[in-house]
Amino acid sequence: MKFEAGAACRVAPSDVVTFWRNAGAGLWFAKNAAFDRRFRERFLSAYEAAAARALDGWQVSPLGSLALLLLTDQFPRNAFRGTARMYATDTLARAFARTAQARNYIAAVDPDLRLFFCLPFAHSEDAADQALSVALHAQLGQPWLAHAESHQAIIRRFGRFPHRNPLLGRTSTPEEQAFLDQGGFAG
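Residues numbered from 1 in each chain as written. Predicted model: local features only at pLDDT ≥ 70, side-chain atom pairs only at ≥ 80, totals over all residues. Heavy atoms only, no water.

Asks: I'd love a proper account of the packing of aromatic side chains, names of residues and values included.
Replies: Each pair of aromatic rings is reported with the distance of its centres and the angle of its planes. Enumeration according to the criterion identifies 19 aromatic pairs in this entry. Considering the side-chain rings of Trp28 and Phe29, the 6.4 Å spacing of their centres and the 80 degrees angle between planes classify their relative orientation as edge-to-face. Between Phe39 and Phe43, the ring centres sit 6.0 Å apart and the planes meet at 80 degrees, which makes this aromatic pair edge-to-face. Separated by 4 residues within a single helix, Phe39 and Phe43 lie in helix H4 (residues 33–51), roughly one turn from each other. Each member of the pair Phe39 and Phe43 is classed as buried. The rings of Phe19, Trp20, Trp28, Phe29, Phe35, Phe39, Phe43, Tyr47, Phe75, Phe80, Phe116 and Trp144 are connected pair by pair, giving a single aromatic cluster. One residue, Arg85, lies across the ring of Phe80, its end atom 3.9 Å from the ring centre. (Phe/Tyr/Trp six-rings, centres within 6.5 Å; stacked < 30°, edge-to-face > 60°. Helix = DSSP H or I, 4+ residues; strand = E, 2+ residues; numbered from the N terminus. Buried < 20%, exposed > 50% of the residue type's maximum accessible area, 1.4 Å probe, protein only. Lys NZ or Arg CZ within 6 Å of the ring centre and 35° of its normal.)

This is the structure:
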């Protein structure tokens, strides 16, 4: 991936986390084109640097790790909404999340932001990651545990998230299509 190192260097982990915290839960999971645009314009260079592994040094602190998780897991879901690029750094986000878990960074951040150490596993189509997601979300309580359990149920049933099929060029099975047609989870 191509990025401008100078632009990425002007972004500190606290910039990413502050932007996200200030946006608040009302925008974190909403489909809001204006918010998506602001997020993309402000942090695209930082995302590209993180994706190119140029910001790996941020993993030395809980705040830096949280910023990496926001950039590699949440940012693409907003900035590239409706495209396969939404999932381009999911594997990297899980790697950052595993490092953060090993260092128990989750305990060092504000409770309202702990969720973002768990979501990379909820976004995975791997059964083992889903089990870890449920265990982590159980520590957060409701409504996050129910959210994680619903994701795990989809992976147990289909082995993947059917709503991603069109974006990823996968053919849906009749069972997957029926699930989606009946209002099943659509991302």
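Next comes the rest of the account.
Asks: So what's going on with the packing of helix H8 (residues 127–140) against helix H9 (residues 144–158)? Which residues, and what values?
Replies: Where H8 contacts H9, the axes come no closer than 8 Å and their chain directions differ by 165 degrees. Taken together, the axes of H8 and H9 are roughly antiparallel relative to one another. Considering the relative orientation of H8 and H9, their crossing is left-handed. Contact residues: H8 offers Ala127, Gln130, Ala131, Ser133, Val134, His137, Ala138 and Leu140, while H9 offers Trp144, Leu145, Ala148, Glu149, His151, Gln152 and Ile155. Grouping the constituent residues of the contact of H8 with H9 by class yields 9 nonpolar, 5 polar and 1 charged. (Axes fitted to C-alpha atoms, helices over the stretch in contact; angles between N-to-C directions. Parallel < 35°, antiparallel > 145°, perpendicular 65-115°, else oblique. Left-handed = near helix turned anticlockwise from the far one by under 90°. Contact = heavy atoms within 4.5 Å. Nonpolar A, V, L, I, M, F, W, Y, C, P; charged D, E, K, R; others polar.)

Asks: Account for the side chain of Thr89, with residues named and values stated.
Replies: Here Thr89 shows up in the loop between helix H5 (62–79) and helix H6 (90–102). Not counting chain neighbours up to four residues away, the residues in contact with Thr89 comprise Tyr47, Ala51, Thr72 and Pro76.

Asks: Which residues make up the packing of H9 against helix H11 (residues 174–181), and what are the values?
Replies: Contact geometry of H9 with H11 gives a least axis separation of 11 Å together with a crossing angle of 150 degrees. In terms of orientation, H9 and H11 fall into the roughly antiparallel class. Every residue of H11 that contacts H9 at Ile154, Arg157 and Phe158 is listed here: Glu175, Glu176 and Phe179. Residues that form the contact of H9 with H11 fall into these classes: 3 nonpolar, no polar and 3 charged.

Asks: Just give me the short version of the pattern of salt bridges, but keep the residues and values in it.
Replies: Following the criterion strictly, the structure yields 12 salt bridges and no others. Salt-bridge contacts for Asp56 lead to Arg53; the nearest nitrogen and oxygen are separated by 2.8 Å. For Asp56, a relative accessible area of 21% corresponds to the partly exposed category. Of the residues examined, Arg53 reaches a relative accessible area of 44% and is grouped as partly exposed. Across the pair Arg157 and Glu175 runs a salt bridge, and its minimum N-O distance is 3.3 Å. Residue Arg157 is located in helix H9, and its partner Glu175 is located in helix H11; the two are separated by 18 residues in the primary sequence. Among the residues examined, Arg157 registers a relative accessible area of 47% and is labelled partly exposed. Glu175 gets classed as partly exposed once you look at its relative accessible area, which sits at 43%. Among the ionic contacts, a cluster of salt bridges with common partners joins Asp73, Arg77 and Asp90. (Salt bridge = Lys/Arg side-chain N within 4 Å of Asp/Glu carboxyl O.)

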